[in-house]
Amino acid sequence: MSAGVITLTTDFGLADAYVGVMKGVILGVNPDARIIDLSHVIPAQDVVAAAFLLESAWRYFPAGSVHVVVVDPGVGTQRPRLCIERDGHRFVGPDNGCLAPALSDSLRPARRVGAAYAPAAVDLPADVTAHRLENAAYFGRNVSATFEGRDVFASVAAHLTLGVAPSALGPTATTVQALPAFRAPVTPAGVSGVVLSVDRFGNLISDVHLDQLGANPVVTVGSQSIVGVERTYGVSPGLKAVVGSSGYLEVAVAGGSAAATLGVGVGASVEVR
Amino acid sequence: MSAGVITLTTDFGLADAYVGVMKGVILGVNPDARIIDLSHVIPAQDVVAAAFLLESAWRYFPAGSVHVVVVDPGVGTQRPRLCIERDGHRFVGPDNGCLAPALSDSLRPARRVGAAYAPAAVDLPADVTAHRLENAAYFGRNVSATFEGRDVFASVAAHLTLGVAPSALGPTATTVQALPAFRAPVTPAGVSGVVLSVDRFGNLISDVHLDQLGANPVVTVGSQSIVGVERTYGVSPGLKAVVGSSGYLEVAVAGGSAAATLGVGVGASVEVR
Amino acid sequence: MSAGVITLTTDFGLADAYVGVMKGVILGVNPDARIIDLSHVIPAQDVVAAAFLLESAWRYFPAGSVHVVVVDPGVGTQRPRLCIERDGHRFVGPDNGCLAPALSDSLRPARRVGAAYAPAAVDLPADVTAHRLENAAYFGRNVSATFEGRDVFASVAAHLTLGVAPSALGPTATTVQALPAFRAPVTPAGVSGVVLSVDRFGNLISDVHLDQLGANPVVTVGSQSIVGVERTYGVSPGLKAVVGSSGYLEVAVAGGSAAATLGVGVGASVEVR
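Residues numbered from 1 in each chain as written. Chains lettered and ligands numbered in written order. Predicted model: local features only at pLDDT ≥ 70, side-chain atom pairs only at ≥ 80, totals over all residues. Heavy atoms only, no water.

A.B. asks: I tried to follow the overall build of chain A on my own but got confused; where do I start?
C.D. replies: Regarding its fold elements, chain A presents four helices and 16 strands. Its C-alpha atoms give chain A principal-axis dimensions of about 60 × 40 × 35 Å. Once local pairs closer than 6 in sequence are excluded, the contacts in chain A between residues at least 24 apart make up 67%. Surface exposure of chain A reaches about 9700 Å², of which carbon and sulfur atoms provide 54%. Averaging the locations of the 18 positively and 22 negatively charged side chains of chain A gives two centres separated by 3 Å. (Helix = DSSP H or I, 4+ residues; strand = E, 2+ residues; numbered from the N terminus. Contact = heavy atoms within 4.5 Å. Areas by Shrake-Rupley, 256 points an atom, 1.4 Å probe, with all protein chains shown as cover. Lys, Arg positive; Asp, Glu negative; His and termini not counted. Charge placed at Lys NZ, Arg CZ, Asp CG, Glu CD.)

A.B. asks: How do you make sense of the side chain of arginine 108 of chain B when you look at a structure like this?
C.D. replies: Residue and element names in this part refer to chain B. Looking at the secondary structure, you find arginine 108 in the loop between β5 (89-94) and β6 (120-123). A relative accessible area of 5% means that arginine 108 is categorised as buried. Among the polar contacts listed, one links the side chain of arginine 108 to the side chain of glutamate 55, at a separation of 3.4 Å. Filtering out sequence-adjacent residues up to four positions away, arginine 108 remains in contact with Glu55, Ala100, Pro101, Leu103, Ala178, Leu179, Pro180, Ala181 and Phe182. (Buried < 20%, exposed > 50% of the residue type's maximum accessible area, 1.4 Å probe, protein only. Polar contact = N/O pair within 3.5 Å; in protein donor to acceptor, adjacent residues only side chain to side chain.)

A.B. asks: Explanation requested: the relation of the copies chain C and chain B in the structure shown.
C.D. replies: For these two chain copies, the linking operation is a rotation about an axis paired with a shift along it. When chain C is fitted to chain B, the best match, at an RMSD of 0.0 Å, comes from turning it 120° and sliding it 0.0 Å along the axis. Expressed as a symmetry operation, the mapping of one chain copy onto the other fits a three-fold axis. An overlap of only 8% is found between the interface residues of chain C and their copies at the interface of chain B, pointing to separate contact surfaces. (Least-squares fit on C-alpha atoms with pLDDT ≥ 70 in both.)

A.B. asks: It is not clear to me how the confidence of the model for chain A should be interpreted in this structure. Could you clarify?
C.D. replies: Caution applies to low-pLDDT regions: their predicted coordinates should not be interpreted in detail. Per-residue pLDDT for chain A has a mean of 95; in total, 99% of the residues score no lower than 70. Confidence estimates for the predicted assembly give a pTM of 0.97 and an ipTM of 0.96. (pLDDT = per-residue confidence, 0-100.)

A.B. asks: Help me understand a nonpolar patch on the surface in this model?
C.D. replies: On the surface, a cluster of nonpolar side chains totalling about 200 Å² of accessible area is made up of Leu14 of chain A, Leu14 of chain B together with Leu14 of chain C. If you trace the backbone, leucine 14 of chain C turns up in the loop between β1 (5-10) and α1 (18-29). With a relative accessible area of 33%, leucine 14 of chain C lands in the partly exposed category. (Patch = residues over 30% accessible without salt bridge, like charges linked within 9 Å, V, L, I, M, F, W, Y side chains within 5 Å. Salt bridge = Lys/Arg side-chain N within 4 Å of Asp/Glu carboxyl O.)

A.B. asks: Got a minute to help me understand the pairing of strand β11 (residues 204-209) of chain C in this structure?
C.D. replies: In the case of a regular strand, side chains alternate between the two sheet surfaces. Residue and element names in this part refer to chain C. A large share of β11 lies buried, amounting to six of its six residues. Along β11, one buried face is formed by Leu204, Ser206 and Val208 and the opposite face, lined by Ile205, Asp207 and His209, is buried too. Where strand β10 (residues 190-198) and β11 come together, three bridges link them in antiparallel fashion. Of the residues in β11, the one forming a bridge with serine 197 is isoleucine 205. What sits between β10 and β11 in their antiparallel hairpin is a turn of five residues, with glycine 202 showing a positive phi close to 80°. By the bridge criterion, three bridges tie β11 to strand β15 (residues 248-253) in an arrangement that is antiparallel. By the bridge assignment, leucine 204 is partnered in β15 with valine 251. (Pairing = 2+ DSSP bridges.)

A.B. asks: In this structure, what is going on with the packing of helix α1 (residues 18-29) of chain A against helix α3 (residues 148-161) of chain A? I would like to understand it.
C.D. replies: In helix packing, the relevant descriptors are the interaxial angle and the interaxial distance, both defined with respect to the helix axes. All names here are of chain A. In the contact formed by α1 and α3, the axes pass within 8 Å of each other and the chain directions differ by 40°. In terms of axis orientation, α1 runs oblique to α3. Judged by the sense of rotation from one axis to the other, the crossing of α1 with α3 is right-handed. Contacts between α1 and α3 involve Val21, Met22, Val25, Ile26 and Val29 from the first element and Gly149, Arg150, Ala154, Ser155, Ala158 and His159 from the second. Split by residue class, the contact of α1 with α3 holds seven nonpolar, three polar and one charged. (Axes fitted to C-alpha atoms, helices over the stretch in contact; angles between N-to-C directions. Parallel < 35°, antiparallel > 145°, perpendicular 65-115°, else oblique. Left-handed = near helix turned anticlockwise from the far one by under 90°. Nonpolar A, V, L, I, M, F, W, Y, C, P; charged D, E, K, R; others polar.)

A.B. asks: Quick question: what am I supposed to make of the relation of the copies chain A and chain C here?
C.D. replies: Expressed as a screw transformation, the operator carrying chain A onto chain C has a rotation angle of 120° and an axial translation of 0.0 Å, and the superposed copies differ by an RMSD of 0.0 Å. Comparing contact sets, just 8% of the residues at the interface of chain A also lie at the interface in chain C, consistent with a heterologous contact between different surfaces.

A.B. asks: Any chance you could explain the environment of glycine 76 of chain B here in plain terms?
C.D. replies: For glycine 76 of chain B, the position within the fold is in the loop between β3 (66-70) and β4 (81-86). For glycine 76 of chain B, a relative accessible area of 7% puts it in the buried group. Distance from glycine 76 of chain B to isoleucine 226 of chain B, taken between C-alpha atoms, is 47 Å for residues 150 residues apart in sequence. Dropping the residues within four chain positions of it, glycine 76 of chain B is found in contact with Arg231 and Thr232 of chain A together with Ala145 and Glu148 of chain B.

A.B. asks: Please explain the interface of chain C and chain B as it appears in this structure.
C.D. replies: Taken residue by residue, the interface counts 36 residues in chain C and 31 residues in chain B. Summing both sides of the interface, chain C and chain B together bury roughly 2400 Å²; the carbon and sulfur share of this comes to 58%. Broken down residue by residue, the surface that chain C buries against chain B is led by Tyr18, Leu27 and Thr146 of chain C, which jointly contribute 21%. If you look at where chain C meets chain B, you find 13 residue pairs in polar contact (both at pLDDT 80 or more). (Buried area = accessible area lost by both parts, 1.4 Å probe.)

Structure (structure tokens):
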């Protein structure tokens with residue numbers, strides 16, 4: 001099952017050697033590991049952005065993959081470090097909510113309250129396995145207080161691809177930090193979404209999921225309303241609503257940028273009626 | 001022959017997970033595929049820029065490589081999807097001109113008319129093999145209308161590296177979209193080039209090819225004329241003309257940026273006399 | 001020992017195909033090479049920035065790794081090209097100082113004079129092995145004067161991972177360009193550091209090394225003084241001094257940017273008393 005695949009999601013950027021060094025550590029432990037970058041330009045210390053990106057990506061990797069997330073404002077402090085298993089995948093990173101996709105929606109708070117996705121502790125049932133990373137045998141030789149991505153997470157992930165059992169990494173975690181499920185709250189008037197991400201094309205990606213859309217929805221963002229949801233970005237001009245490739249409602253402009261056209265970005269309201 | 005190498009050229013950017021997800025799909029099909037990024041910051045939906053970049057790159061990869069280009073304004077619409085073979089390489093992407101380097105210059109319109117490289121349909125001779133991607137057995141499980149890079153092109157490319165024959169992918173294509181050969185028009189007064197790309201150093205890369213240069217050329221760009229073509233970027237100050245590493249005439253400034261010095265960019269005229 | 005790992009450090013940027021083409025050349029020579037990007041956005045032609053980045057990274061790779069640096073204002077000119085060996089690692093690039101981390105501090109000028117790290121020739125003792133890259137049998141088929149990263153360095157690095165001995169590459173080099181050791185000068189008043197790098201978090205990374213810090217240091221940068229050095233970036237507000245993951249003194253702001261807070265960047269003075 002173990003595919004030897006490790007994905008990396010960080011806020012380290014592409015200019016510095018931080019990401020390359022993590023890969024060096026991985027190859028020192030498992031020379032055959034396959035390392036895939038998901039993103040290294042997560043907004044600095046934005047745990048929610050990291051989790052939303054990982055949510056859209058992890059299912060497309062082979063079973064046995066290890067997904068490392070290092071968006072870690074608390075690096076070097078006492079916050080726990082985790083390995084969580086789900087559906088044959090392993091998720092490794094700090095216990096601050098960035099690993100939320102490792103928890104099925106049924107384990108997470110059902111809906112955000114207010115516009116922001118705030119981390120909160122949840123109790124895990126016995127059949128969900130999460131372990132704290134405490135066994136230094138699987139860490140690098142010297143563990144710094146400023147770069148656990150290199151000294152802890154990369155090293156542990158590489159050992160996992162060699163067949164180390166998560167239970168060898170440390171004690172079971174019964175409570176972990178989670179984010180609410182990425183589903184907009186439902187109100188009597190409709191669904192109150194927010195923009196969670198703006199992609200390179202200027203598409204506004206909301207937290208309104210496909211399964212929250214009724215027939216003939218009207219989508220309002222900024223001062224504009226859009227009637228109906230289209231199948232493709234298409235080529236006709238003007239704003240349109242589309243269900244994007246991850247199952248979330250997007251507002252787009254064919255051949256242009258909805259973000260620029262509307263002058264809105266992450267955090268903007270997307271109301272569906 | 002099959003090297004298991006897949007190159008990726010897209011306009012997806014580096015912030016989102018789109019590229020990483022394509023790689024996950026590839027590794028799910030062929031865990032041993034070697035995936036190389038050519039560029040993911042092609043200007044959004046700029047088919048010509050993608051083709052010009054690929055033109056400079058593909059010959060440096062081993063025979064058997066699969067070159068995937070996803071610059072695809074028409075994603076999800078009825079435009080065909082192609083696999084074209086050339087000199088032991090396979091080229092996979094939408095049929096919109098971005099795969100033009102898969103066609104030798106003799107198959108493509110000889111020269112652009114006007115400043116822009118516009119896609120146009122060309123008829124293929126019987127000895128050039130191109131196939132439409134229609135056999136869903138080689139696609140992902142669910143094919144979205146918004147992300148064929150993930151659901152079609154990545155999956156097909158991975159199957160090709162496993163030895164699937166292009167003829168298994170779908171029917172033969174006899175007509176495909178092509179771009180004119182990347183050669184500036186010749187006029188009675190000389191060669192009328194345009195800048196097709198500006199690299200990170202500010203070098204202005206034109207569509208005037210080495211084989212279009214006579215002895216002692218005079219190169220005019222913006223309000224400046226440069227006498228002669230040099231062998232290296234060198235270290236002496238001032239504007240110079242150089243034949244770049246892909247065989248195209250460049251205008252450069254040693255230790256500086258020709259683009260900034262001249263205040264010009266893509267689309268600027270480069271006249272050679 | 002040979003791990004087949006090749007790291008790449010360049011100023012080529014991520015938009016163009018230059019880096020991808022180097023990887024194509026490598027895979028054409030050694031289809032099993034593992035290629036890791038350290039950075040491709042080194043400031044253009046900034047040899048010192050490349051060397052400082054490599055200094056922080058190379059020790060985290062397995063023995064046998066080949067570290068290629070192509071920051072090369074003199075490409076195509078007569079400056080030598082080198083392979084230097086150190087502690088089981090090989091360093092490949094132009095002889096302009098960018099390979100300085102291949103030389104232990106004892107071989108390099110002990111301290112910079114003035115604020116800048118300037119390359120200077122040093123004589124190598126007999127037990128340090130450095131070779132000039134002159135044997136064209138290990139180059140690409142055609143060597144351009146404008147892209148030796150592709151035609152020389154990538155090809156040579158790949159051959160090294162196949163077991164080619166450095167001595168086969170060309171004659172021994174007895175004098176090479178080096179940079180002073182990355183250690184700030186010590187003055188009667190303290191240690192006179194400069195900022196060598198600013199990372200994505202706005203941390204100001206100086207050339208004051210951990211081993212140059214006494215007890216209870218006071219760090220002055222811009223108009224601000226900081227008393228004491230902390231173990232982590234932490235979460236309390238305000239400026240702090242931290243020993244970063246590479247052993248160098250950094251000035252940081254938890255959850256913010258020291259560079260933005262202080263309005264300073266590379267080259268700023270960091271005085272320690």
